[in-house]
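Here is how the chains run, residue by residue.
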Amino acid sequence: MNTPEQSQLGKASAYVDQYDASLLFPIPRAGKRAEIGIAGAAPFFGADLWTAFELSWLNLRGKPQVALVHFVVPCDSPNIIESKSFKLYLNSFNNTRFADAAEVQARLRTDITEAVWRGGVVQSSVGVKLIAPEKFDMEPVHELDGLSLDRLDVECTQYQPAPELLTLDLQDEEEAPVSEVLVSNLLKSNCLVTGQPDWGSVQISYSGLPIHQEGLLKYLVSFRNHNEFHEQCVERIFMDIWTRCKPIKLSVYARYTRRGGLDINPFRTSYPQALPANTRTARQ
């Protein structure tokens, strides 16, 4: 079983420029999920939306080609891909010749699907969408929609996840359920292995009894010195809100700023729905 410490994170790495699928380093999701009380099937659906901003290869005449790539990794796959290994893998395309973009897309889909489902039965392939340079100008930039929690003037003193900060905002015993979309740009955590900062924005959509917004903001801020991968942080946020506030419906979506030409944007929801568009924010 691969562990984060066995990956290339925080280590000097040779940059291979000839195609090599073995560079991908899958890490099981199960261990971190057990820490937050998920022993069997997870109580959520969703996916990890990745964007690669640095992909290049050679055509058959040796001329460099470039593209952006959107990936959709289903969250029911048994593994995540450690991000530095993903970067090293993409770099291995740099001096490799491919017939066309379709061949590159097929190779990416095959390799990443195999890695995220390694040790399990493949139930769905990873989504891969290449965006050619002539369409770069059509890529939108848009902030997460919702009511900003950052407008609240709160005192923050806790910088490790503090789920006890999550409470309901009940004015009377017969409080009516609400539907709210709340956002914050103050999410920050650290890489599980290197401790380097990961900056993000988060959108929380729920239906149920009203969640105390000041407590929710302070809870999100409490991740500031916490070491965990992006996907794991979002699942922790989901499970803490789900178990402590007991909403009828819940979705948690985070968009993290890119590192090494990659951004990772996990989405988790308690009910089946369409995935959000993989639209970057200004900080990404």
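Here, every reference points to the structure presented above.
Per chain, residues are indexed from 1 in the order of the written sequence. Thresholds applied to this predicted model are a pLDDT of at least 70 for local features of residues and 80 or more for the giving and counting of side-chain atom pairs; totals over whole chains, interfaces and linings are not thresholded and use all residues. Calculated side-chain values reflect all of the structure's heavy atoms, with hydrogen atoms and water omitted.

## Focus: the pattern of salt bridges
Turning to step 1, where the next piece is worked out: The term salt bridge refers to a pairing of a side-chain nitrogen on Lys or Arg with a carboxyl oxygen on Asp or Glu at a separation within 4 Å. Counting across every chain of the model gives 12 salt bridges.
Turning to step 2, where the next piece is worked out: The shortest N-O distance in the salt bridge between Glu35 and Arg236 comes to 3.4 Å. In this pair, Glu35 sits in helix α1 (residues 30-35) while Arg236 sits in helix α5 (residues 230-245), placing the two residues 201 residues apart along the sequence.
Turning to step 3, where the next piece is worked out: Here the salt bridges do not stand alone but share partners, grouping Arg29, Arg33, Asp48, Glu235 and Arg268 into one network. Helical segments are the DSSP runs of H or I of at least four residues, strand segments are the runs of E of at least two, and each set is numbered from the N terminus.

## Some points on the layout of surface pockets
Turning to step 1, where the next piece is worked out: Roughly 560 Å³ of internal volume is contained in the largest pocket.
Turning to step 2, where the next piece is worked out: If you trace the largest pocket, you find 33 residues lining it, with Leu68, Leu130, Ile131, Ala132 and Glu139 closest to the centre.
Turning to step 3, where the next piece is worked out: Elements with a minimum of two residues in the lining of the largest pocket: β2 (45-58), β3 (64-74) and β5 (127-131).
Turning to step 4, where the next piece is worked out: For the lining of the largest pocket, the element with the highest residue contribution is β3, accounting for six residues.
Turning to step 5, where the next piece is worked out: The residue makeup of the lining of the largest pocket, split by class, is 18 nonpolar, seven polar and eight charged.
Turning to step 6, where the next piece is worked out: For cavity detection a 1 Å grid was placed over the protein atoms alone, and a set of points counts as a cavity when a 1.4 Å probe fits there but cannot get out; an open set counts as a pocket when protein lies on both sides within 12 Å along at least five of seven lines, with lining residues being those that have an atom within 4 Å of a point. Grid points are joined across faces, edges and corners, and a volume is the space filled by probe spheres set on the points. Taken as a whole, the second largest pocket encloses approximately 230 Å³ of empty space. Residues are grouped as follows: nonpolar covers Ala, Val, Leu, Ile, Met, Phe, Trp, Tyr, Cys and Pro; charged covers Asp, Glu, Lys and Arg; every other residue, Gly included, is treated as polar.

Note that all results are geometric; they support no functional claim without further evidence.
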